[in-house]
Structures are given as C-alpha cells and as structure tokens.
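Breakdown of the fold
Residue-level listing of the chains:
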Amino acid sequence: MLRKVAAALLLATAIPATAQTTPPKLIVAISVDQFSADLFSEYRQYYSGGLKRLTQGVVFPKGYQSHAATETCPGHSTILTGSRPSRTGIIANTWFDLSIAREDKAIYCAEDESVSGSNSGDYVASPIHLKVPTLGGRMKIANPATRVVSVAGKDRAAIMMGGPTADQTWWIGGAQGFVSYKGVATPPLVAKINEAFAQRLTQPNAGFDLPQQCVAKDFPVAIGAGKSVGTGRFARAAGDFKAFRASPEQDAMTLVLAAGAIESMGLGKQAQTDIISIGLSATDYVGHTYGTEGTESCIQIDRLDRELGAFFDRLDKDGIDYAVVLTADHGGHDLPERHRENAMPMESRADEALTPKALTATIGAKTGLTGKKLIWGDGPAGDLYFDKGLTAAQRAKVEAETLTLLRAHPQVEAAYTKPQIAAVPSPSGPPESWTLLQEARASFDAQRSGDILLLLKPRITPIVDPTKGYVATHGSPWDYDRRVPILFWRKGLTHFEQPLGVETVDIMPTLAALIALPVAKSEIDGRCLDLVAGEGTSCPAQ
Ligand SMILES: [Zn+2]
C-alpha cells in the first residue's frame, strides 16, 4: 500500500517534468474560425468535451488578433508564423491591385492571379502571397523528415497555416469534398473520406436537439423581407451543400480527415516531431448566416466541443504524445437586429453611402470626374483605392474630397491615409491598449494596402442589407473582433490562466520552444509564452 502511494506520488511529479522537458511528438494547431473570446467565455461553463480539456491546460482567455483587419486570411496568417499581417503580407481576404492586366482588380489572398483566365472568384489556389515561413516550414528546414499536414474547411485557412512546403494541404472545395492545389493527386485516404462526405451529404439532416443551455436563445429575430434567424437547428435537405457547410457537420468532416491523416501518415509516431494544422470553419459560416447569439451558434459550439473531445480521445487511444493549441482567426459580432433586442439599441448597419460604388458616384459628381471607377474597395469599410489613371492634381482633389466626406460622416471613426499609417512604428506593448493607428499599422503593407483605410465606429455592422446574404460579420478594429481565446494543452501540463492580453503571433515561438527549434526574434513579431506554471520555463533563455 505504501509502495503504491509512493509510486503514485512519483508519477504525479514525473508527468509535469516530462511535459516541460521532452518535445511532443505531434503539434496539433487548431483554428476555430470566428471563435471569439466572447463565445468562448459565454459557453465555458457548459463544456464537457474537447474544449473542457483545453480549459484545463494553459488558458489565455483574452488573446488578440491584434491588427485592425480582423478577417480570416490575415488572422490565419498570424497563427503559425509568429508574424502580424504587416509582415505576412496577408492584409485582407481580398485586396486590390489596380495595375494588373485582368479586368478583375481584386486579389484573393490565396490565389495565383498570374494564371490566365482566372479572377478573384474563380482562381487557382496558391500560397504565393504569404511572405514568411510557417512553423511547419521552419520545422521542415531544420529536419526534412518532419511531416507537415494542413486541413481546413476553407482554402485560405489550410494554406496560411500550412504554408507552401506542407506535405499535404486539403480543404473543402465544394460538394465534391476535400481538394488540394491544382495537379495534386488524391491519396486513397482523401478519396475514401470524400466518399463518406458524399454519402453524408446525400442524406438529409433532421437537425440537432436543443441542448439545455440553448433553450433561452430560442426566439426569432426579424431581419426584414419576412425573414428571421435565431431558432435554427441545422435541419437540411438531402444534397444541400450550403446548409451542410454552415452547420456542425462541416467541422465533423474536417476532423475525420485530420484524424485519418494522423493515423495513415503515422504522425506523432516518428523520431522527429510532426505538425498538423486544422481549420474548423463552421463556426464562421454559422456566425455569418445566423448571427452569434441564437440557437444556431449555441448548438454549433456544443457540437464543436463534443467533436473535439472525440478527436482528442482518438489520439489518446493511439498513444500519441501531442501538444495542442487552439485559437481563432478573429472574433465576431452578432447581428444588430438581435443586439437591439438585447440591451444595445444603438446597434446599426452601415450606410450604403459608404460603399465604394456610392463613394465613386458622390466624389465623381463633386470633382467632375464622372464615368470612371474612382474608388475601389471591398465594402463599406476597410481599404479604399483610387483609380490609377488620375493625374496628380485629380488624385489630390479626389483624396481631399473623399477624406472630407468620410471624416464628416456620423458612422466613421477614422479615415487614415497610407502615409499616415506608414509613419507609425510597428506596435509593441499590451495589445489591449493600442491606438487604432497602431492596429492599422499591424495589418499594413506598403504595396497591398489601400490609399485610405476606412474604419467605422464600434457597433456598426458593415453589411448594409441582411436579407441578401450574410446577416452578421467581423473585420472591425474593435475588441469584439480582435479578442480570441488561446488555449494550450498537453498531458501533464499544469493548469494556469493568464487574463492579460497576449497575441496570436506569440503562438509560433511558444510552440517552437517546446521542440527546441530556434527562431530569430528579428524575424517575427511574437514572443515565447512560458507554459510552465510556477517556477521553470518552457521558453529559451533570454
Ligand atoms: Zn474567419
């Protein structure tokens, strides 16, 4: 009996020591698209699966995607590069290059626009725009035997986390299931999973039961044109891919592929450490389609928790020594119509007058420069670009009129010019206390950024009409879109929680330290987070 107690004590002290000193065999980096710090904390008391496990590790409940352009592509580019969008070059999902020959001047962040006949909506997927290496890329340089796998619901998530040298990069390309770069042969595993995908899609879904914590959320919110959101349970007809994509079913399929890849490629069973990045995109589709506070998001988080639990259980069963990080590419903001029901009467939608089309008409009339597309942009917020064909005098006039109009508009918080942002040093210090200009600087690229950056006031949703597509979104410089959880877990890691702000760019150097991979500080924006509670450190000596 005594011996048994002594052995148990020995084990209790031995496990944390192992977690601190030996590299894990597999790094599992998970991004839950649009999993805001607010969603994380709202449902935290109900977690019972994978999310519960992660809250028992090292918890940073207020991580920051610290930059202003809180979109999917920039956000994913920060997670495994240690670099802000100003360094990764991924400043938006879509930016504009008015000098390219093709008619469509928009550049999708994960396309190769040099492919003839392509455009930003019908493109050839490519990692060429990512300017810095990912953790997997660095691991492969240090040891070419390293296996690097990236799977996601969205191409930009898989590509920005895996990087150009990943062994396998797969994302959901449509009803056909998982696809990869052009010309990549489909391995038997992916073919098998795509069969299961097709089978699942051809079956209707009767919808999910409403968990107890979702009951109070079950009321309809009218959005106009006789439409409402807030009471859905993901019932869908057979073959309805769009409904499948905006439901927990999507993440379940992505995790099936992730688990299958780990097993079939023997990840975590080799001499070296391998890495898999997993982009779970459904929470974002659900948030955009139904908002973040209805039964839909509530069910989605509940299912996500369970699916992650089953995924981790499978890795445990296979005896893999893995370290997990889970975070998000950006936060989120519920639709104004429900916010107004929930004590936020000031919530509104952006004025149509702020769209690039309306600005072009107004400024054209003011300057007499009509018949030209004067101002280019991706909606009523973000980067705006002036037509390249203007003379210096015309351009100065257009810029002056645009700035006057924007700065006088009641919904506009700031309209910064390119030189104004470029003049700001790369920010440092707590991300929770940066100025808007500092946030703008963190997602600024001299070649790709617009001539003007338009930032709306808080609590204004940059979707003018919710009846024509998405009802809610993110993308603002406000903390509801910047704050994301950052959770680290490994067997034996002692729990602690740090409520102060850290950045998603801190994730890469933190993971690199776990596997003793040196990363030059001058190459990144992040810092190593010490995952050891109390004395000792998981970071390299300073
Ligand atoms: Zn996203």
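Going by the structure above, here's the rest.
A short tour of the structure in this document, coming up. Position numbers for residues count from 1 along each chain, tracking the sequence in the order it is written. Note on the predicted model: pLDDT of at least 70 is required for a residue's local features to be given, and 80 or more for side-chain atom pairs to be given and counted; whole-chain, interface and lining totals, by contrast, use all residues.

The next point concerns the nonpolar core. Working definition: the nonpolar core is a set of buried Ala, Val, Leu, Ile, Met, Phe, Trp, Tyr and Cys residues, joined through C-beta atoms within 7 Å. Here a residue counts as buried when 20 or more other C-beta atoms sit within 10 Å of its C-beta, as exposed when there are 12 or fewer, and as partly exposed otherwise, the C-beta atoms being derived from the backbone. Formed by 142 residues in total, the largest nonpolar core has its most connected members in Ala-258, Ile-276 and Val-324. Domain segmentation is taken from an automatic or database assignment of domains. Formed jointly, this core draws a minimum of three residues from each of two domains, domain 1 (31-55 + 68-90 + 130-324) and domain 2 (351-410 + 412-456). In this description, a residue-residue contact is defined by the distance between C-beta atoms placed from the backbone, which must lie within 7 Å. Beyond its immediate chain neighbours, meaning those up to four positions away, Ile-276 contacts Leu-26, Val-28, Val-149, Ala-258, Ala-261, Ile-262 and Leu-267.

Following the sequence through the fold, Ser-118 ends up in the loop between strand 4 (106-108) and helix 6 (135-142). The exposure class of Ser-118 is partly exposed, given the 16 C-beta atoms found within 10 Å. Note: C-alpha distance between Ser-118 and Asp-104 (14 residues apart in sequence) is 8.9 Å. Filtering out sequence-adjacent residues up to four positions away, Ser-118 remains in contact with Glu-111, Glu-113, Tyr-123 and Val-124. Helical segments are the DSSP runs of H or I of at least four residues, strand segments are the runs of E of at least two, and each set is numbered from the N terminus.

So, on to the sheet that holds strand 13 (residues 375-377). Strands were regarded as paired on the criterion that DSSP finds at least two bridges between them. Ordered by their spatial adjacency, four strands build an open sheet running 13-14-16-15, and the pairing between neighbours is antiparallel. Taken across any chain shown, the strands that pair with only one partner, and hence form the sheet edges, are strand 13 and strand 15 (412-417). Taken pair by pair, the neighbouring strands of this sheet meet at an average axis angle of 25°, ignoring direction. Where strand 14 (residues 382-386) lies against strand 16 (residues 452-456), three bridges are found, and the strand directions are antiparallel. Among the inter-strand pairings, Gly-382 is bridged to a residue of strand 16, identified as Leu-454. Lying over the sheet, helix 14 (residues 356-367) contacts strand 13 and strand 14, oriented at roughly 170° with respect to strand 13. Axes, fitted as lines to C-alpha atoms, cover a helix only where it is in contact. Angles between the N-to-C directions of the axes lie from 0 to 180 degrees. Packed onto the sheet, helix 15 (residues 392-408) meets strand 13, strand 14, strand 15 and strand 16 and runs at close to 160° relative to strand 15.

What follows covers the environment of Leu-374. Along the chain, Leu-374 falls in the loop between helix 14 and strand 13. Along the chain, Leu-374 and Ile-363 lie eleven residues apart, while their C-alpha atoms are 7.9 Å from each other.

Not every positive phi belongs to a glycine, and Gln-34 is a case in point at roughly 70°. Mapped onto the secondary structure, Gln-34 falls in the loop between strand 1 (26-32) and helix 2 (37-42). In this structure, Ala-516 takes a positive phi of about 55° despite not being glycine. Looking at where Ala-516 falls in the secondary structure, it is placed in the segment after helix 19 (507-514).

Running from N to C, helix 14 and helix 15 point in directions that differ by 120°, and their axes come no closer than 10 Å. Taken together, helix 14 and helix 15 sit at an angle that is classed as oblique. In terms of crossing hand, the pair formed by helix 14 and helix 15 is right-handed. Each of Leu-359, Thr-362, Ile-363, Lys-366 and Thr-367 in helix 14 lies in contact with helix 15, whose residues at this interface are Lys-397, Val-398, Glu-401, Thr-402 and Leu-405. Side-chain classes are defined by residue name, with Ala, Val, Leu, Ile, Met, Phe, Trp, Tyr, Cys and Pro counting as nonpolar, Asp, Glu, Lys and Arg as charged, and the others, Gly among them, as polar. By residue class, the composition of the contact of helix 14 with helix 15 is four nonpolar, three polar and three charged. Any angle between 65 and 115 degrees counts as roughly perpendicular, while under 35 counts as roughly parallel, over 145 as roughly antiparallel, and the rest as oblique. Two helices crossing with the near one rotated counterclockwise from the far one by less than a right angle form a left-handed crossing, whereas a clockwise rotation gives a right-handed crossing.

Another aspect to go through is the environment of Ala-235. Relative to the helices and strands, Ala-235 resides in the loop between strand 9 (227-229) and helix 9 (241-245). Ala-235 sits in the partly exposed class, given 13 other C-beta atoms within 10 Å. Here the alpha-carbon distance between Ala-235 and Asn-205, two residues 30 residues apart in the chain, equals 5.1 Å. Once residues within four sequence positions are removed from consideration, Ala-235 is found in contact with Asn-205, Ala-206 and Gly-207.

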